[in-house]
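The primary structure of each chain is shown beneath.
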Amino acid sequence: MDQKIISLAAEKTAEKLQEFLQCLKDDELTSLLQKHAVKGKSPGALLKGIFKGSPCSEEAGALRRLKVYKYCIQLVESGDLHREIASEITGLLMLEAHSLPGSSLVELANGFVDVVREGSLVNGKSLELLPIILTALATKKENLAYGKGELNGEEYKKQLINTLCSSRWDQQFVIQLTSMFRDVPLSIEELEFVVEKVLRLLSRLDLQEIPPLVYQLLLLSSKGSRTKVLEGIIAFFSQLDKSHSEEQSGDDLLDLVTVPSGELRHVEGTIILHIVFAIKLDRDLGRELMKHLKAGQQGDDNKTICPFSIALLLSVARIQRFEEQIFDLLKTSILKSFRDLQLLHSSRFLQNLVPQKSCVSTMILEVVKNSVHSWDHVTQGLVELGFILMDSYGPKKILGGKTTETSLVPSKTPSQQACKLGANILLETFKIHEMIRKEIVEQVLNRVVSKTSSPISHFLDLLSNIIIYAPLVLQSCSSKVTEAFDYLSFLPLHTVQGLLKAVQPLLKVSMSMRDSLILVLRKAMFANQLDARKSAVAGFLLLLKNFKVLGSLSSSQCSQSIGATQVHVDVHSRYNSVANEAFCLEILDSLRRCLGQQADVRLMLYEGFYDVLRRNSQLANSVMNTLLTQLKQYYEPKHDLLPPLKLEACILAQGDQIFLQEPLAHLLCCIQHCLAWYRNKVMPLEEEEEEEEEGFQQDLEDMLESITNRMIKSELEDFELDKSADFSQTTSVGIKNNIYALLVMGVCEVLIEYNFNIGNFSKNKFEEILSLFKCYSRLTDILKEKAGKGKSTMANKTVRSFLSMKFVSTLLVALFRDSSQSHEESLSVLRSSNEFMRYAVNVALQKVQQLEETGQVDGPDGQNLDRIFQNLCEITRVLLWRYTSIPTAVEESGKKEKGKTISLLCLEGLQRIFHTVQQLLPSKIHQFLRALDITDEDEGGEDVNITQRATFQIRQFQRSLVNLLSSQDDDFNGKEALLLVTVLSSLSKLLDPSSPQLIQMLSWTVKMCKENSLEDASFCKGLMNLLFSLHVLCKSPVSLLRDLSQDIHGQLGDLDQDIEVEKPNHFAMVNPRTAAPTVCLQVLSQAEKVLEEVDWLITKLKGHLGHETLSEEASQEVSLNQALEKAAILQLGTLLTAFHELVQTALPSGSCVDSLLRNLSKIYTILTALVKYARVLRETKPIPNLIFAIEQYEKFLIHLSKKSKVNLMQYMKLSTSRDFRINGDILDTALQEQETDEENESVADQTVASEQRKDSQEPAKKKRKKK
């Protein structure tokens, strides 16, 4: 039978074939097809014959075709056929589909929809036919039955797609169904409907099924809806990451984690590759991605920026045309995120309104962590981003050579945080990815070597952290490090020191690297440039400190934090201590030659020898003998000759110019510190070898004793220094005398410390100390007097003290806190000199200031923050006790002396210390406050938190301020009051913003402002700053600004002099002397900050406009927006009241008026933005579109009524709404124009013009009534 059909089909005419097929029953035809297909025979010829004998022009033929189609679809779907047979059948059905009548196409399409809806698909192979059927159906123009009505082919196709997308899809056929839609011609609306359906199904699929589905979605996006596809994919993985993180963070739910982390990251990586590949093929997809993420940046970043989208961006950045845009977008997002966080942290008002979201920096570091799962396509982007952030936001050099930021201060500004993030990205990427390590190190070293004019401390810190993490791994980069050594002679000194300190662990494990460095340093030692020689000294000293000699003391006292790492590296070291000794002695021999070079080079040696001894005690003999030999060149051996030092040998004359050749005071300082260390650390362990080692020690001690005695006997004339001497900076004699004076002063200070340390509270020694101080003091007075007469900077510049910080703390304790009876007689000698005690406190202030500015201090342990912190605690305890025990008023009532009182100096020191500890040592604040609480030393006070400890200190200073303000003394000490307020401001930053202690302090500050009417502008400004800083941590300050504005208006009067203004007197601090400019500028400055917050809120509201939210989030979004809108309006309303008062105030011309006008301009700009994006306008925006659609419908309905002669408008009410407004005045004018004659047209035109001018004029000003 099948052969007959095939043979009849071969004939030219199909009449016999048609007759034969009509004789066959449906069952016979289907069984014939089944027999052919199941046995593996090719059914192509048979199907072609059936189709040829079943023309669609005849009803029977069309029905036969339909039945064959239905059966073939079932056969293909059954899975009983070979793949080739099924593909052949499907192909033939596709070819003939367009010839089917519309009704057959509808029936076939409905069959597919029913199968999908019922979930009865077996293998989905038949779905390949559905796109052809839908495409053919769309071309049918005739009306087809649909329910009780009719639709054309295109409309029917739309309904079928609607039904299909509304049905439940079997999970295993989601990918095939999505792929099927690629071949269906879809309108924009239909495509969006399909995309939304597929995106909803993502969450229902297994993780491994998501990549192929996303791939099909991306192919589908070539038709359109690119933004929706990308947005849906990003939103899905953002939510998936969030859920996964929550699961992992719950300790109790660890066993219930639904998705393994590694599997999820591999899936995400695959999908990112799919998207990148799609963007390479479809540039528009990349543009839509950028447009979507940029739009999200304007509103809520967290809706678009997530770890997945960041990883996607970094992968797309490998495409050159998108690289610059992507990194600009990421930079902007990072900086915006940090700025937003800074704004939120500084305002309780915003914290209460806006929920805390995760920071972009956290997300990026999450990407770094996730990249371990074979995300090689992300790694390069991470490295580039890290360097871009460090290059863009690193410290900058400003005028005067100072840098804007230092690595010592914790990152606080958005730029600092962005730079720190860049360093963290590179460090973490270095740890995870071995392949990228060499590139990171090379790029860091390139920047260190090339950026000689820019600060590179952040790159040096990164290099140090990298080397600490993996010193052995970095041996593979040894050639690059060695190459960097070649540039040492040309780099700034601080760069050389930082670089050598960073690579020090490498020198322990690489002999070739160490040898290369030594060669470079030896060459630099004899370079023409001074900086090169100083760099050589710095390098050699570093080597001496870190290569231990056999028998040296433990390095537990090391001052550098790198010590712990060195211990770890030593395990792998191939060098022994014996070899190190020869190496170190060789270096020392090289350094001795430096003692004949310039003063700066010698100075570096003197400052470094102490640390060398502490690290390498076995070098003590060589170092001390070197120092002894150097001192003998300037020491007068005859004990009866004065002065004891040859100052003329310390200077160098070159023509008319005089230079310091030998920093003698630094040499003596180095000797006395090294002696003290040797006496305390080495001598107890070397009692048996005392005869060998005693030589240099005894010689040095005898020389220092002789110098002390003769310095006391010497007069200033012996040094050719007296009041009549020339100290000008313009003559060679004056320069020489200045150098002499500074040398003598330095020597006196060194001897003061030396004799105090060896004196053991001897009265004679303390008398000698006082004599030395008198010499020092006389020279200080002379220099100040001479400098004050000229224009020299010496008048304002304080000479840096040679006293060590440890000695300063010891001396202050002895002077103010030592109550031992055995010390009383000797200490009374020093205590009898008020000048000496003031000097001791002044030096303490100088040390704290140096620590604040540079992060270190001069002298031993000057870079050891732990030791510095211990000394700082001791100094603070003394200053605090001295200030609280002897108030300034009590001290001033005694003898009057020039300069600041000791109490005032103590207070100034406390103010600097509190600020410095918060800036440099934030992690030690609790320990610092505990150290100040003397009553807590013996008790267990670990449970007392920072807020409670800070409150205790705050109350002390509050009492001091109240006592100062309540004193009846006419001579009010405004400087002390301002210092007290500054101290209170510093301490208030330690309070927890949610604690009752902060509320109490705010209440106290408000009370102070209300009750005190002092006219001191500086004190008023400080108190107002404290008031505002506390207020913003509790609530919005707008009501406070309103009250202060009313007070300012009341105190300064109205612009209209005839109007008498009522004085509300909210705050007594606002008086005629302080109202302007002090309080006024403070109010306007704070108002500007409030306006910035409101502007930020409105920008956030504007960002929410363009984003559709999911249904479950819609109500939450609406309530949040309503809260933001209400808050913004209330803020602006209250601020307007404040500005209304200030605008009418008779402010003095100048800064107050300028600031007020600037604020007014800003508030009107913000009001414009608020009105432009107000909710009322937003909600009425769709109304014009609706009206237009209704009117179009009515228009065509009227036309249809006229043609059909049927009143279709019988139950319709014509709409009267319009999407525009009619101006009644203009309409009346137009009607009048039509009625008038042509002669009157010109008159009518003038009338209209005059009316328009009136409309554009400002409203008349209202006069204010007298009260």
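Model, not experiment: these values are computed from the prediction.

(A) Structural detail: the overall build of the protein chain. Along its length, the protein chain carries 54 helices and 4 strands. Taking all 1267 residues of the protein chain together, 50% fall into the buried category. Element-wise, carbon and sulfur atoms account for 50% of the exposed surface of the protein chain, whose accessible area totals about 61900 Å².

(B) Representation of the pairing of strand 3 (residues 651-654) in the model. As defined by bridge partners, strand 3 adjoins strand 4 (residues 657-660) across 4 bridges and the pair is classed as antiparallel. In the strand pairing of strand 4, Leu 652 is matched with Phe 659. Connecting the antiparallel pair strand 3 and strand 4 is a turn made up of 2 residues, with Gly 655 showing a positive phi of about 70°.

(C) View of the state of the cysteines. Taken as a whole and assessed by the stated rule, the structure comprises 0 disulfides. With no disulfide partner, Cys 669 has as its closest neighbouring cysteine sulfur the one in Cys 670, 7.6 Å distant.

(D) Representation of the side chain of Gln 672. As for its placement among the helices and strands, Gln 672 is situated in helix 32 (residues 664-682). A polar side-chain atom of Gln 672 sits 3.5 Å from a polar atom in the side chain of His 673.

(E) Inspection of the pattern of salt bridges at higher detail. Scanning the entire structure with this criterion turns up 35 salt bridges. Between Lys 336 and Asp 340 there is a salt bridge, with the nearest N and O atoms lying 3.3 Å from each other. Of this pair, Lys 336 and Asp 340 are both found in helix 17 (residues 320-345), 4 residues apart, which corresponds to roughly one turn of the helix. For Lys 336, a relative accessible area of 24% translates into the label partly exposed. Its salt-bridge partner being Glu 852, residue Arg 912 comes within 3.0 Å of it at the nearest N-O pair. Linking Arg 912 in helix 41 (residues 902-920) with Glu 852 in helix 38 (residues 834-854), this pair joins segments that are 60 residues apart in sequence. Members of the salt-bridge network, linked through shared partners, are Lys 545, Asp 611, Arg 614, Asp 861 and Arg 867.

(F) Highlighting the confidence of the model for the protein chain. With 81% of its residues at a pLDDT of 70 or more, the protein chain shows a mean pLDDT of 80. At the low end of the mean pLDDT range in the protein chain sits helix 28 (residues 563-570), at 35; at the high end sits helix 36 (residues 805-817), at 94. Note on residues 251-257: pLDDT is under 50 here. Beyond four places in sequence and across chains, it has 4 contacts. Within the model, the stretch residues 555-575 combines pLDDT values under 50 with 43 contacts to residues more than four positions away or in other chains.

(G) Examining helix 12 (residues 210-220) more closely. Along helix 12, 8 of the 11 residues are buried, which leaves the element largely enclosed by surrounding structure. Looking at helix 12, one finds that the buried residues are Ile 210, Pro 211, Leu 213, Val 214, Gln 216, Leu 217, Leu 218 and Leu 220.

(H) Inspection of the environment of Ser 346 at higher detail. Structurally, Ser 346 can be placed in the loop between helix 17 and helix 18 (348-353). Not counting residues up to four positions away in its chain, the partners in contact with Ser 346 are Gln 351 and Val 1032. Polar side-chain contacts of Ser 346 include one of 3.1 Å to the backbone oxygen of Gln 342. A polar contact of 3.0 Å, which involves the side chain of Ser 346, links it to the backbone oxygen of Leu 343.

(I) Inspection of the environment of Gly 974 at higher detail. Examined against the element boundaries, Gly 974 turns out to sit in helix 44 (residues 974-988). Among the residues examined, Gly 974 registers a relative accessible area of 12% and is labelled buried. Expressed as a C-alpha distance, the spacing of Gly 974 and Glu 1015, which sit 41 residues apart in the sequence, is 9.8 Å.

Calculation notes
- Residues numbered from 1 in each chain as written.
- Predicted model: local features only at pLDDT ≥ 70, side-chain atom pairs only at ≥ 80, totals over all residues.
- Heavy atoms only, no water.
- Helix = DSSP H or I, 4+ residues; strand = E, 2+ residues; numbered from the N terminus.
- Buried < 20%, exposed > 50% of the residue type's maximum accessible area, 1.4 Å probe, protein only.
- Areas by Shrake-Rupley, 256 points an atom, 1.4 Å probe, with all protein chains shown as cover.
- Pairing = 2+ DSSP bridges.
- Disulfide = S-S within 2.5 Å.
- Polar contact = N/O pair within 3.5 Å; in protein donor to acceptor, adjacent residues only side chain to side chain.
- Salt bridge = Lys/Arg side-chain N within 4 Å of Asp/Glu carboxyl O.
- pLDDT = per-residue confidence, 0-100.
- Contact = heavy atoms within 4.5 Å.

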